[in-house]
Amino acid sequence: LLFLLGACRREATDDGGAVRAETLVIACMEPENLDPAYMVGRNDVGVVVNLCTGPFRPAPDGGAPLPGLVRSWRCSEDGRRCTFQLDPAAQWSDGRRITAEDLDWSWRRIVDPGTGSPGAETLHIIRGMAACTRGEECAPALRILGPHELEVTLEEPQPMLPYIMSHPRWCPVPRHVLDAHGDSWTDPETFVGNGDYRPVAWRRGVSMVLERVGGTDGPARVELRFTGSEDTALRWFEAGEVDVVDGLVPLDRVSVVRRERPETVRVAPAASVFYLAPNLRKPPFDRVELRRAVQRTLDREMLVGTVLGNGQVPATSLVPGVVAGLSGYTPPGGCGARDLAGARRDLAAAGYPGGEGLPAVEVLYNESATITRILSFVQQDLADRIGLRTSLRRMEWASFLDTVRSGDFQIARFGLSGEPDPMDFLGALTTDAPNNIGGYSSAEYDGLIRSARAVADPARRNALLAEAEAILCRDVGVIPVYHSVTVLLVGTRVDGYEANHSGLHPLRDVRLED
C-alpha cells in the first residue's frame, strides 16, 4: 500500500542531466519504519519491499510470486511440513552470506513479545509461534537442516503460502547489524539489507533517497517525496517534479487527467475493501438492527459512480472481487443490497420508529481529501434516507490508529488489504484479531474460520469461508462499502511501473526512457 520520493527538487549540478536521467521520482506518504518487524501500513511496506528479499518476492503484475531467497521448496501431502532450499549465493549488502539461521532468527525475533511487533500474528501460521507471542514456552517448529535448508511446520495448510511469504514481513534482518546499532540499524548511515535498493538519505517529513545495490536492475536512484496531500502530489506531477504519484491520486481529478493525459493514468482492481466499522461494544451500534439499517441505506452504486468513478465496485461482500477471482472463492453476497423499506423496519426494531430518537453519531477517519468526500456522501445519504445525523472527525494516521485500537469511537472508516486469499480478509475479523477494531465476536464465525484454516483442499476451504462470511453479513460485523482500485499517475518516460492488485511495485522492474 505506496512509494515515495526523495529530493525536494532536482538541483542543477555539473552532472545534473545524468542524475535526472537515472533518477525515478515518486510522490507518496512517508513510511513510519523500515524494520520488517515494525511495518504498519502500506507506506512502510511499499518501501521495505525494495530494501529486502524474503523467501519469495512479489511479481510486478501482482501475479504468482517469484523466487526470492528460496530456490526450491516442497511440502508434505497434508500441506503442513515444508522444506525450503535457499540460494547459497545470497548475501547482505555488506558482503556477508545469508543462511537459514538468518531466517530462523529473524522470524523468532518478530514473535518475541519483547520485540512488540504489530505484525507478529502474520507468523502465527508456523506451529508454536503464537505461544511465543503470548510469552509462553517458545518452541516454534523451525528446523535448520543445513546452512541453506530450513524446515517449517505450519499450524494449518496454507494454499497461498508463496503469496504470504512474498510480503516483506518475512524478510531476514541482519543480526550482526542489530547487535551493533539496535533500532537505528535502519538509518541510512548504518543500513544493511539484502534487497535491490538501500536508503542513503532520509529527511524526515520531506524525502528519502534510495540507491540501487550492486548489479541489480532498475533506476540507479529513486527519490521519494513525502506529502499527505493529494492536491500537492498532483501539482508536483503536473509541474514535472515527480514521475509517479502512488497512493495519493485525488480520485475526483482522475477524469480530468484521463481526458488531458490519458497515457499517464494506470488503474487496476485492488485486493482491498473500504468499510465502516461500527463499535459493537457500546451504544448505539451494539444493536444489530441499527447496523443493518445503515448497511441497507447506503447507496453504493451512486457513491462509486459519482463520487469515485474510477472503476471501484459496490461491495456486496467483504472479500474483494479480484481476491475471489484469483483464489476460486465465491462470496455469499447480500451484504450491500440497498433496501430502504427494510432499513426503516430495522430502525423501528432498534427502538427508533421513523428515526425518532436516533442519536447523532461521530464517524472517525484518517485525513484524506478522498475519504472526506466519501464520508460526506455517506453523511448526507444517511441523513436524507433514515434521519441518522453524523459528524465527521478527521485525524492524522498515527493518532487515528491509536484511537480506534483503544475502542474510543462510535463508528470508523477502515480498510483491509491482503494477498489473493479470502482468509486475509475474513480471518481479520475473528474475536481476537488485532484489526477487528469494532469488536465483532461470534463463536460460530470463529469456529468456521478455525475449521477453514485446518483444511488443505482449496474448494472445501473456500466453502467454509463462504459460510463464515454469510454469518458476518447476517450479524453486520462490519459494513462493506466498496472494493477499491489502485490508481497511479505515471509519467511517459517510466516503463514497468504498473497498477496491480497488491499495490507493491518492485523497482527492479522499472525502466526510465531517455
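Up top is the structure.
Here's a quick rundown of the structure. For clarity, every value in this text was computed on a predicted model and none was experimentally measured.

Criteria and cut-off values
Residues numbered from 1 in each chain as written. Predicted model: local features only at pLDDT ≥ 70, side-chain atom pairs only at ≥ 80, totals over all residues. Heavy atoms only, no water. Helix = DSSP H or I, 4+ residues; strand = E, 2+ residues; numbered from the N terminus. Buried < 20%, exposed > 50% of the residue type's maximum accessible area, 1.4 Å probe, protein only. Pairing = 2+ DSSP bridges. Axes fitted to C-alpha atoms, helices over the stretch in contact; angles between N-to-C directions. Contact = heavy atoms within 4.5 Å. Arc of directions from axis to C-beta.

Considering unusual backbone geometry
Following P283, the chain continues into P284 via a peptide bond in cis, with omega recorded as 0°. Within the fold, P284 resides in the loop between β12 (265-278) and α9 (288-297). Located in the positive-phi region is V476, a residue other than glycine, with phi close to 50°. Along the chain, V476 turns up in the loop between α17 (458-475) and β17 (479-490). On the accessibility criterion, V476 (0% relative accessible area) is buried.

Points about the sheet that holds strand β6 (residues 142-146)
The strand order across the open sheet built from four strands is β4-β5-β7-β6, with neighbouring strands paired in antiparallel fashion. Taken across any chain shown, the strands that pair with only one partner, and hence form the sheet edges, are β4 (70-75) and β6. Neighbour-to-neighbour, the strand axes of this sheet turn through a mean angle of 20°, independent of strand direction. Two strands pair when backbone bridges link them, and β6 and strand β7 (residues 149-153) are joined in this way by four bridges, in the antiparallel orientation. Bridge pairing links R143 to E151 in β7. In the packing of helix α3 (residues 100-111) onto the sheet, the strands contacted are β5 (81-86), β6 and β7, and the crossing angle to β6 comes to about 170°.

Let's talk about helix α10 (residues 300-308)
Buried within α10 are the following residues: R300, L303, V304, V307 and L308. What you see down the axis of α10 is that its buried residues fit within an arc of 110°, all on one side. Away from its buried face by more than 90 degrees, α10 exposes E301, G305 and T306. The inward-facing, buried residues of α10 contact α9, β13 (313-314), α13 (369-386) and β17. Where α10 ends, the next residue or the one after it, G309, has phi of about 70°, a positive value.

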